[in-house]
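Breakdown of the fold
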Amino acid sequence: MKLISWNVNGLRACLTHDFAASFAALDADIFCVQETKMQPGQADFAPAGYTEYTCSAEKKGYSGTAVWCKTPPLAVTYGIGQADYDHEGRVITLEYPGFYLVNCYTPNSQDGLKRLAYRMEWEDLFRAYLLALDAKKPVLLCGDLNVAHAEIDIKNPKTNRMNPGFTDDERAKMTALLGAGFADSFRLIHPDEVKYSWWSYRFHAREHNAGWRIDYFLVSNRLAENITAAEIHNEIFGSDHCPVELDIALE
């Protein structure tokens with residue numbers, strides 16, 4: 001099974017930058033996107049052979065997630081059951097016979113870390129949500145998790161320390177999630193490779209490859225041996241992020 005995750009930074013904008021062609025070329029069984037920044041029906045994109053699920057924020061032009069899948073799931077849920085967080089359209093969960101797929105757009109701590117406390121509470125609630133799912137069947141988690149976990153995952157770790165997405169607090173929450181029973185698929189397959197999935201639009205960051213790896217596929221540890229490939233498609237443009245891929249043998 002081939003899965004793709006991509007923060008498109010506005011699906012309508014990304015559609016004007018060859019999103020449909022990239023979608024077709026990647027040919028995923030399940031294609032997840034984050035930061036759609038739209039309400040249902042605002043984009044003209046309906047790929048043949050896929051079923052679509054969307055979760056939009058109440059605030060227009062903000063956040064939002066979507067999934068296209070070739071095989072419809074047994075069930076779909078939206079949010080994590082927490083009213084203070086579920087109005088931002090950040091999570092879609094698809095249940096399949098042998099696993100759950102969770103598509104997530106993690107809250108950003110924002111400039112000045114003004115939303116760090118909100119983010120920290122989210123991390124604990126979201127980890128509890130994932131562990132409750134994992135107690136029933138294995139979990140695949142994908143999305144923009146808005147954290148570069150280790151120094152290898154960011155171009156300039158020293159100057160970025162304590163900036164949003166690279167605070168000690170956020171990195172510790174990722175460590176806690178992995179320690180709770182999840183594996184980082186890319187780092188499992190490529191333990192020493194330096195590759196990024198997001199670049200600022202400022203300072204020609206992508207041109208200079210001054211990036212961050214903040215887009216992930218995490219899998220329940222008991223599925224780690226089923227991973228056959230994990231890739232970061234930094235050759236694909238259209239957003240300030242690039243798509244990430246997981247190939248995994250699942251029944």
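These lines cover the structure that appears in this document, whether it is placed above or below.

With respect to the overall build of the chain
Within the chain, the secondary structure is distributed over seven helices and 14 strands. In terms of overall size, the chain behaves like a compact globule, its C-alpha atoms giving a radius of gyration of 17 Å where 251 residues would be expected to give roughly 18 Å. Pairs at least 24 residues apart make up 70% of the contacts formed inside the chain by residues separated by at least 6 positions. If you sum the accessible surface of the chain, you get close to 11000 Å²; carbon and sulfur atoms cover 51% of it. Charge separation in the chain, taken as the distance between the mean sites of 24 positive and 34 negative side-chain charges, equals 4 Å.

Examining the nonpolar core
One finds Leu3, Ile30, Leu101, Leu140, Val219, Leu246 and Ile248 to be the most contacted residues of the largest nonpolar core, which totals 30 residues. Tyr100, Val102, Leu130 and Tyr216 belong to the second-largest nonpolar core, a separate cluster that totals 22 residues.

Concerning helix 6 (residues 168–179)
Two residues of an α-helix separated by three or four positions point the same way, owing to the 3.6 residues in each turn. Between the first and last C-alpha of helix 6 there are 16 Å, a value that for twelve residues agrees with the 16 Å anticipated at 1.5 Å per step. On its buried face, helix 6 sits against helix 4 (116–134), strand 8 (139–144), strand 9 (182–184) and strand 12 (215–220). A positive phi of about 125° marks glycine 181, the residue just after helix 6.

Let's talk about the pairing of strand 6 (residues 91–96)
Of all six residues that make up strand 6, five are buried, and the element is covered over most of its length. In the sheet, strand 5 (residues 75–78) pairs with strand 6 via four bridges, with the strands oriented antiparallel. Paired with tyrosine 78 across the two strands is isoleucine 92, which belongs to strand 6. Where strand 6 and strand 7 (residues 99–105) come together, six bridges link them in antiparallel fashion. Across the sheet, the residue bridging to isoleucine 92 is asparagine 103, located in strand 7.

Regarding the pattern of salt bridges
What the rule picks out here adds up to 14 salt bridges. Salt-bridge contacts for glutamate 88 lead to arginine 90; the nearest nitrogen and oxygen are separated by 2.7 Å. The exposure class of arginine 90 is buried, given its relative accessible area of 4%. Taken together, the shared-partner salt bridges connect Asp153, Asp184, Arg187 and Arg213 into one network.

Brief notes about the side chain of arginine 206
Take arginine 206: it is sitting in the loop between strand 10 (198–199) and strand 11 (211–212). Buried and unpaired, arginine 206 has glutamate 235 as its nearest opposite-charge partner, separated by 7.1 Å. Within the local environment of arginine 206, its side chain forms a polar contact with the backbone oxygen of serine 239, the two atoms lying 3.3 Å apart. If sequence neighbours within four positions are ignored, arginine 206 has contacts with Trp199, Ser200, Asn234, Ile236, Phe237, Ser239, His241 and Cys242.

Structural notes on the pairing of strand 14 (residues 244–248)
In terms of burial, strand 14 is largely enclosed, as five of its five residues are buried. Residues of strand 14 alternate between two faces, with Val244, Leu246 and Ile248 on one and Glu245 and Asp247 on the opposite face, all of them buried. Bridging between strand 1 (residues 2–7) and strand 14 involves four bridges; their strand directions are antiparallel. By the bridge assignment, serine 5 is partnered in strand 14 with valine 244. Relative to strand 14, strand 13 (residues 227–232) is paired through five bridges, and the arrangement is antiparallel.

Criteria and cut-off values
Residues numbered from 1 in each chain as written. Predicted model: local features only at pLDDT ≥ 70, side-chain atom pairs only at ≥ 80, totals over all residues. Heavy atoms only, no water. Helix = DSSP H or I, 4+ residues; strand = E, 2+ residues; numbered from the N terminus. Rg over C-alpha atoms; globule rule 2.2 N^0.38 Å. Contact = heavy atoms within 4.5 Å. Areas by Shrake-Rupley, 256 points an atom, 1.4 Å probe, with all protein chains shown as cover. Lys, Arg positive; Asp, Glu negative; His and termini not counted. Charge placed at Lys NZ, Arg CZ, Asp CG, Glu CD. Core = buried A, V, L, I, M, F, W, Y, C linked by side-chain atoms within 4.5 Å. Buried < 20%, exposed > 50% of the residue type's maximum accessible area, 1.4 Å probe, protein only. Expected span 1.5 Å × (residues − 1). Pairing = 2+ DSSP bridges. Salt bridge = Lys/Arg side-chain N within 4 Å of Asp/Glu carboxyl O. Polar contact = N/O pair within 3.5 Å; in protein donor to acceptor, adjacent residues only side chain to side chain.

None of the figures reported here should be taken as evidence of function without further support.
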